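An overview of the molecular structure
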Amino acid sequence: MLPVNQAEQIILNLVQPFDRAYDVETLSLLNASGRILAETVTSSLDFPHWNNSAMDGYAVRYDDVQTCSAENPVILDIVEEIPAGYQPQTPIQPGQAARILTGSVMPTGADTIVIQEETQREGDRVTIFASPQHHAFVRDRGAFYQAGNALLPPGLRLQAPEIAVLAAAQCAQVNVYRRPKVAILSTGSELVGIDQPLQPGQIVDSNQYALAAVVAQAGAEPLMLGSVPDQPEALKTAIQQAIAAADMVLSSGGVSVGDYDYVDEILAALGATIHIHAVAVKPGKPLTVATFDHEKGRGKETPSLDSPTSKKQLLYFGLPGNPVSALVSCWRFVLPALRKLSGLPSPWEPKFVKARSLSTLKSDGKRESYLWGNLRLVDGEFEFELATGSHSSGNLINLAGTSGLAVIPLEETQISVGDHVQVLPIG
Ligand code: AMP
Ligand code: MG
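Here's what I pulled together on the structure shown here. (Residues numbered from 1 in each chain as written. Chains lettered and ligands numbered in written order. Predicted model: local features only at pLDDT ≥ 70, side-chain atom pairs only at ≥ 80, totals over all residues. Heavy atoms only, no water.)

**Points about the site of ligand 1**
What counts here: The rule for a residue being near a molecule or strand is that one of its heavy atoms must lie within 4 Å of it. Side-chain atoms alone can form a polar contact between residues adjacent in sequence; in general such a contact is a pair of N or O atoms within 3.5 Å, and within protein one must be able to donate a hydrogen while the other accepts it. In these tables, accessible area is a Shrake-Rupley quantity obtained with a 1.4 Å probe, and a residue counts as shielded only by the protein chains included in the view.
Contacts to ligand 1 come from 15 residues, most closely from Glu190, Ile203, Asp205, Gly254 and Gly321. A distance of 3.0 Å separates an oxygen atom of ligand 1 from a polar backbone atom of Gly321. Note that an oxygen atom of ligand 1 is positioned 3.1 Å from one of the backbone N or O atoms of Asn322. When isolated, ligand 1 has an accessible area of 480 Å², and the protein chains bury 78% of it.

**Here we look at the packing of helix H1 (residues 4-14) against helix H8 (residues 323-342)**
Rules: Orientation is described by axes fitted as lines to C-alpha atoms, over the contacting stretch for helices, and by angles from 0 to 180 degrees between their N-to-C directions. Helix and strand assignments follow DSSP, with helices taken as H or I runs no shorter than four residues and strands as E runs no shorter than two, numbered in order from the N terminus. Between 65 and 115 degrees an angle is taken as roughly perpendicular, under 35 as roughly parallel, over 145 as roughly antiparallel, and anywhere else as oblique. Crossings are classed by handedness, with left-handed meaning an anticlockwise turn of the near helix from the far one by less than a right angle and right-handed meaning a clockwise turn. Here, residues are in contact when the closest pair of their heavy atoms is within 4.5 Å. Three classes are used, and their members are as follows: Ala, Val, Leu, Ile, Met, Phe, Trp, Tyr, Cys and Pro are nonpolar, Asp, Glu, Lys and Arg are charged, and the others, Gly among them, are polar.
Look at H1 against H8: their axes get within 9 Å of each other, and the N-to-C directions meet at 30°. One finds that H1 runs roughly parallel with respect to H8. With respect to the hand of their crossing, H1 and H8 are arranged in right-handed fashion. Across the interface between the two elements, Val4, Ala7, Glu8, Ile11, Leu12 and Asn13 from H1 touch Arg332, Phe333, Pro336, Ala337 and Lys340 from H8. A class-by-class count of the residues in the contact of H1 with H8 yields seven nonpolar, one polar and three charged.

**Some remarks on H8**
Stated precisely, the cut-off is as follows: Bend at a given residue is defined as the angle between two axes, one fitted to the seven residues that end at that position and one fitted to the seven that begin there. The classification of residues rests on relative accessible area computed with a 1.4 Å probe and restricted to protein chains. Under 20% of the type maximum is buried, over 50% is exposed, and intermediate values are partly exposed.
Largest kink in H8: about 40°, centred on Val334, with the proline Pro336 one to four residues after it. Burial analysis of H8 places 19 of its 20 residues in the buried class, the great majority of the element. Where H8 ends, the next residue or the one after it, Gly343, has phi of about 105°, a positive value.

Shown next as structure tokens:
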């Protein structure tokens, strides 16, 4: 059976990231929050825009103050007041200073700021009691950024600092990647919707919501297609609709070895290439990963701006039906693929943290095992505590409220209390 890291690399190699020519939309700045930049942003402005003062104080010529001290102060004539937003008018001559406030523009002639705390003012004169460093507290024009250079690179997720930079650069509109559309399809004749009465033998389709939540939290757009019974024709129609509507498809259920597990054969009948059937992971062994070529999957050949047809290849994940398995597979295999598809730069792989285990963690050693529990940072060190209750892949209940999945590698059977373990943070 395929080890997890090999499955991960196969999947990542199959993903064709969004295209900067087709998969882009222009949004107003605030609407772009959380989105991924699809262009290199440059500015015609220098940052800072002007030479300015970093402190409240006096703009002086260093030559005038370099030898002064409390015992040997220097007195300068104040020739101008420079508040914020004011363009200084008077060059500073030897023996002169300007009163200046934080962020205000440096007057010509001055090259240094003496902070207010080291001065005393009387009328139009100021006494300086300490010698500053040359150029102290002067922020030079262009010191942080010079006009015309790359300000922000494509692939950056726009959070508050990036939004602030774009605002400062007066970018009212930005080109960002569109949100990937991810179709979510549940398979199983036992499934009923969240708002339908539960008859004997039926199960509520929780995977639809679980997977939609993961997809939405990753910044993609879930297309909730509901559930389809285990009937080949119905499944075929539903899968065709899913691949026509989306950039990526997630189905759950029907990929195991049961009599009613039709997903793989329908995918093959629809012309998909199946790359993975199963992975050595627990929970989540049955995992189908398939691709549809654009022509076969969609029947359209011309890329257009508002549809997902610019993709030459669509990735299909047939996730296991067990609710915990479906989620673990989604976190472990779908999210990296979604990150790559979305336009984020590598690494797309999950970031694990090293934690000290507070619990004994067991595995049969035959598959890489993921055990759910709580990840906490205590005195600078991560700790992992196994969730109490059943760790069955069918039991969602104790997965709720957890924050990490501890990983027991292939061929290892136990991690003892106090040992270190790799943990995948979730939620
Ligand atoms: P399957 O992979 O189709 O054999 O399903 C395995 C188990 O997961 C069965 O007990 C199903 O009832 C359950 N299951 C399948 N799909 C869902 C779903 N969408 N929501 C909740 N449970 C499911
Ligand atoms: Mg099923």
